[in-house]
Amino acid sequence: MTEAQPEAACLFCKIIQKKIPSLIVYEDDRALAFADISPQAPTHLLIIPKRHISRLADLQSGDEELMAHLFVVVQKLAKENGLLESGFRTVINSGEDAGQTVFHLHVHLMGGRVFEWPPG
Ligand code: 5GP
Ligand code: ZN
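Residues numbered from 1 in each chain as written. Chains lettered and ligands numbered in written order. Predicted model: local features only at pLDDT ≥ 70, side-chain atom pairs only at ≥ 80, totals over all residues. Heavy atoms only, no water.

(A) Focus on the sheet that holds strand β5 (residues 107-111). Reading across the sheet, the 5 strands line up as β1-β2-β3-β5-β4 and stay open at both edges, with antiparallel pairing between neighbours. Strand pairing shows two members of the sheet lacking a second neighbour, β1 (24-27) and β4 (88-91), which therefore form its edges. With direction set aside, neighbouring strand axes in the sheet form an average angle of 20 degrees. Where strand β2 (residues 31-35) lies against strand β3 (residues 43-49), 5 bridges are found, and the strand directions are antiparallel. Each bridged residue has a counterpart across the sheet, and for Ala33 the counterpart in β3 is Ile47. (Pairing = 2+ DSSP bridges. Helix = DSSP H or I, 4+ residues; strand = E, 2+ residues; numbered from the N terminus. Axes fitted to C-alpha atoms, helices over the stretch in contact; angles between N-to-C directions.)

(B) Structural context of the packing of aromatic side chains. Tallying each qualifying case throughout the model produces 1 aromatic pair. Relative to Phe34, the ring of Phe12 has its centre 5.3 Å away and its plane inclined at 80 degrees; by these criteria the two rings are edge-to-face. One end of the pair, Phe12, is in helix α2 (residues 11-16); the other, Phe34, is in strand β2, and 22 residues separate them in sequence. For Phe12, a relative accessible area of 5% puts it in the buried group. Under the relative-accessibility criterion, Phe34 is labelled buried at 2%. (Phe/Tyr/Trp six-rings, centres within 6.5 Å; stacked < 30°, edge-to-face > 60°. Buried < 20%, exposed > 50% of the residue type's maximum accessible area, 1.4 Å probe, protein only.)

(C) Main features of the coordination of the zinc ion (ligand 2). Taken together, the protein ligands of the zinc ion (ligand 2) are Cys10 (SG), Cys13 (SG), His52 (ND1) and His104 (ND1), with distances of 2.0 to 2.3 Å. Counting residues between consecutive donors of the zinc ion (ligand 2) along the chain gives the motif C-x2-C-x38-H-x51-H. Of the two residues, Cys10 is situated in the loop between α1 (4-8) and α2 and His104 in the loop between β4 and β5; the sequence distance between them amounts to 94 residues. Each of the two residues, Cys10 as well as His104, counts as buried. (Donors = N, O, S within 2.8 Å, 3.2 Å for Na, K, Ca; no water.)

(D) The arrangement of the pattern of salt bridges in detail. Following the criterion strictly, the structure yields 6 salt bridges and no others. Linking Asp58 and Arg55 is a salt bridge whose minimum nitrogen-to-oxygen distance equals 3.1 Å. Residues joined by salt bridges that share partners form a network here, namely Lys18, Glu27 and Lys50. (Salt bridge = Lys/Arg side-chain N within 4 Å of Asp/Glu carboxyl O.)

(E) Representation of the site of ligand 1. Taken together, 16 residues lie near ligand 1, and Ala35, Asp36, Asn93, Thr101 and His108 sit nearest. Here an oxygen atom of ligand 1 and a side-chain polar atom of Asp36 are 2.4 Å apart. Considering ligand 1 on its own, with 520 Å² of exposed area, one finds that the protein chains cover 83% of that surface. At the level of elements, α2 and β2 are the ones that each hand at least two residues to the shell around ligand 1. Considering each element in turn, the shell around ligand 1 owes the most residues, 3 residues, to α2. Looking at the shell around ligand 1, its residues break down into 8 nonpolar, 7 polar and 1 charged. (Near = heavy atom within 4 Å. Polar contact = N/O pair within 3.5 Å; in protein donor to acceptor, adjacent residues only side chain to side chain. Areas by Shrake-Rupley, 256 points an atom, 1.4 Å probe, with all protein chains shown as cover. Nonpolar A, V, L, I, M, F, W, Y, C, P; charged D, E, K, R; others polar.)

Any functional reading would require information that these geometric values do not contain.
Spelled out as structure tokens, the structure:
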């Protein structure tokens, strides 16, 4: 298996490449944000790196700035959606036990309702 194969098969890489349509709300050279297809809150966005990273567990030295950038995008989108004062939930599922279903690292940004703690 070549290294290119997982990325070629990756759903979110196809969204980055615009081969699969999505409602894109933010894009720059390193990050993309789009609406979750099955929203669990009035605002439910996914913020992803354009570079394919499968899981949070696979981060490497050198990824610090990229991850920080993703969270600056999260904050910008939370602000645009009027969530800064009311609050919002960010989630990164890493691996099967956490319920990760798409293996391209993504930050869930959810808001517009009250969330429970602890999560299920
Ligand atoms: P995970 O379960 O891996 O943390 O989150 C994957 C998320 O991707 C889910 O919330 C799911 O609804 C979303 N999702 C799965 N397929 C698609 C798709 O084709 N387009 C969009 N916009 N979201 C998707
Ligand atoms: Zn990918």
